[in-house]
Amino acid sequence: MGKSSGKLKPSTINNIRLEVGENLLGNIVSTEVLFYVLADVIGMNNTDARFWTFKLDRGDGFGGGEVFTGDTVSKIICERWKAYELDPKQASRFVTNHMKSSRIIKIDKKPYVWEFNGFGTNQRPYIAGFKRGISS
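These remarks concern the structure in this document. Worth saying up front: this structure is predicted, and the values here are computed from it rather than measured.

## Digging into helix α1 (residues 10-24)
Right, so step 1: Here α1 is 15 residues long and its end C-alpha atoms lie 21 Å apart, about the 21 Å a rise of 1.5 Å per residue gives.
Right, so step 2: Those residues of α1 that sit buried are T12, I13, I16, V20, G21 and L24. Each buried residue of α1 lies within a common arc of 165° when the element is viewed along its axis, so the set occupies one face. Facing away from the buried side of α1 by more than 90 degrees, the exposed set consists of L18 and E22.

## Some details on the pattern of salt bridges
Right, so step 1: Considering all chains together, one arrives at three salt bridges under this definition.
Right, so step 2: The salt bridge involving D71 is made with K75; its shortest N-O contact spans 3.3 Å. You can see D71 and its partner K75 sitting in helix α4 (residues 70-80), four residues apart, about one turn around the helix.
Right, so step 3: We classify D71 as partly exposed; its relative accessible area is 35%.
Right, so step 4: The partly exposed category is assigned to K75, whose relative accessible area is 49%.
Right, so step 5: Across the pair K82 and E85 runs a salt bridge whose closest N-O atoms are separated by 3.9 Å.
Right, so step 6: What makes K82 exposed here is its relative accessible area of 56%.

## Quick look at the packing of aromatic side chains
Right, so step 1: Taken as a whole, this structure holds four aromatic pairs when the rule is applied.
Right, so step 2: Relative to Y36, the ring of F35 has its centre 5.2 Å away and its plane inclined at 70°; by these criteria the two rings are edge-to-face.
Right, so step 3: According to the relative accessible area criterion, F35 is buried, its value standing at 0%.
Right, so step 4: Centroid distance F51 to W52: 5.0 Å. Interplanar angle 80°. Geometry classified as edge-to-face.
Right, so step 5: Classification of W52 as partly exposed rests on a relative accessible area of 37%.
Right, so step 6: The structure contains a cluster of three or more aromatic residues connected by ring pairs, namely F68, Y112 and W114.

About the criteria used
- Residues numbered from 1 in each chain as written.
- Predicted model: local features only at pLDDT ≥ 70, side-chain atom pairs only at ≥ 80, totals over all residues.
- Heavy atoms only, no water.
- Helix = DSSP H or I, 4+ residues; strand = E, 2+ residues; numbered from the N terminus.
- Expected span 1.5 Å × (residues − 1).
- Buried < 20%, exposed > 50% of the residue type's maximum accessible area, 1.4 Å probe, protein only.
- Arc of directions from axis to C-beta.
- Salt bridge = Lys/Arg side-chain N within 4 Å of Asp/Glu carboxyl O.
- Phe/Tyr/Trp six-rings, centres within 6.5 Å; stacked < 30°, edge-to-face > 60°.

None of the figures reported here should be taken as evidence of function without further support.
In structure tokens, the structure reads:
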């Protein structure tokens, strides 16, 4: 078994956070594009644009981001760094302690389930070079 998440160096924690984030991007860019087109180009308010993005993009009731659990995070870490293998409970603790973000929303407890999303919060988009409110 690898180290516990409490004994990791800050640089290791940052590397794991980046790796997990990269792996969780999933369809976040496509949902952001849809949301911003509905909100900024068509002119829907944010609530309606968010509703239709969730409804049209996935239709699974969890919004438009990437849904993940401690087990998902555990697998991502183990695939990249065998020495830092965390079991799902430790991985859940890692997310809770080291991945605080308004883009990561807890949607269930026991087992913990999160959604990596955030476009509905009006944060800057992940789309490189994209600026809100400017349409071509």
